[in-house]
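If you want the building blocks of each chain, they are given just below.
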Amino acid sequence: MTDMDTTEFVEAIRDETKTELSRLGSSKSLYADTEGEMEPDAVLTAAADDATEAADTFEDWRDGEAGETFAAAADREREHADAVTDKLDAYDRGETPAIVGFLRGQDETVARLGALVGWTLAIQEKVSQCSGFFTGQADPRTASLFRGFGEDYEDTREAALAALAEHCENDEDWAAAAAAATGAIEAAYDEYFETLEALGVNPKPVC
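Residues numbered from 1 in each chain as written. Predicted model: local features only at pLDDT ≥ 70, side-chain atom pairs only at ≥ 80, totals over all residues. Heavy atoms only, no water.

## Here's the deal with the layout of surface pockets
As a volume, the largest pocket reaches approximately 490 Å³. Considering the residues around the largest pocket, the lining is formed by 19 residues, among which Ala32, Asp33, Glu35, Asp49 and Glu95 are closest to the centre. Put simply, the parts of the chain that give the lining of the largest pocket at least two residues each are α3 (27-33), α4 (40-61) and α9 (171-198). The greatest single-element share of the lining of the largest pocket, amounting to five residues, is contributed by α4. Taken together, the residues of the lining of the largest pocket sort by class into five nonpolar, five polar and nine charged. (1 Å grid on protein atoms, 1.4 Å probe; cavity = no way out; pocket = protein on both sides within 12 Å on 5 of 7 lines; lining within 4 Å. Points joined across faces, edges and corners; volume = space filled by probe spheres on them. Helix = DSSP H or I, 4+ residues; strand = E, 2+ residues; numbered from the N terminus. Nonpolar A, V, L, I, M, F, W, Y, C, P; charged D, E, K, R; others polar.)

## Notes on the pattern of salt bridges
In the structure shown here, the tally under the stated rule is nine salt bridges. Of the charged contacts in the structure, one is a salt bridge between Arg93 and Glu53, with a shortest N-O distance of 2.9 Å. Of this pair, Arg93 sits in the loop between α5 (67-85) and α6 (98-104) while Glu53 sits in helix α4; the two residues are 40 residues apart in sequence, bridging distant segments of the chain. Residue classification places Arg93 among the partly exposed residues on the basis of a relative accessible area of 41%. With a relative accessible area of 5%, Glu53 lands in the buried category. Members of the salt-bridge network, linked through shared partners, are Glu53, Asp56, Arg78, Arg93 and Arg104. (Salt bridge = Lys/Arg side-chain N within 4 Å of Asp/Glu carboxyl O. Buried < 20%, exposed > 50% of the residue type's maximum accessible area, 1.4 Å probe, protein only.)

Okay, here's the thing in structure tokens:
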């Protein structure tokens, strides 16, 4: 264990990915996730894909080191997926989000924990847009559902940070965790950018 301040760790990740997180928390992010179909079912389906794919990934990690942390994250995301799919008449699972694909490429415990931290930061930004969308649709219950997910992401992040403090033995471990955290966010951002470009939309905000 080292004396790395986990609050400083998160702030460093936020600072390094400030632009990416800002854009993932924009309405264009939701447009990208639904591939231009800004309708309630499309928004719900995209959110269900995020939660379902993440839950499966964390479930696969629960038997290794820091297993309790990953198991709790899996359970939370399974609950999120169930809550969202309950609002759909039918759910057809889509492709694996790029950020989850990045997570699945992590084999070391500290990298998985770091990627989990990055995932919570990215997904929290994206879900804020879901809440705003349903507020605009005059559907306060669904808006509140998504807003409530935020506390779960914070719980997952705090648990991941506590596990990092336990498993990181030196600066190299913390650096590996940071690289995985930023890598996860960048994977989500790259997918956002490429999808918008394919849709003929400028991914960068117009100043």
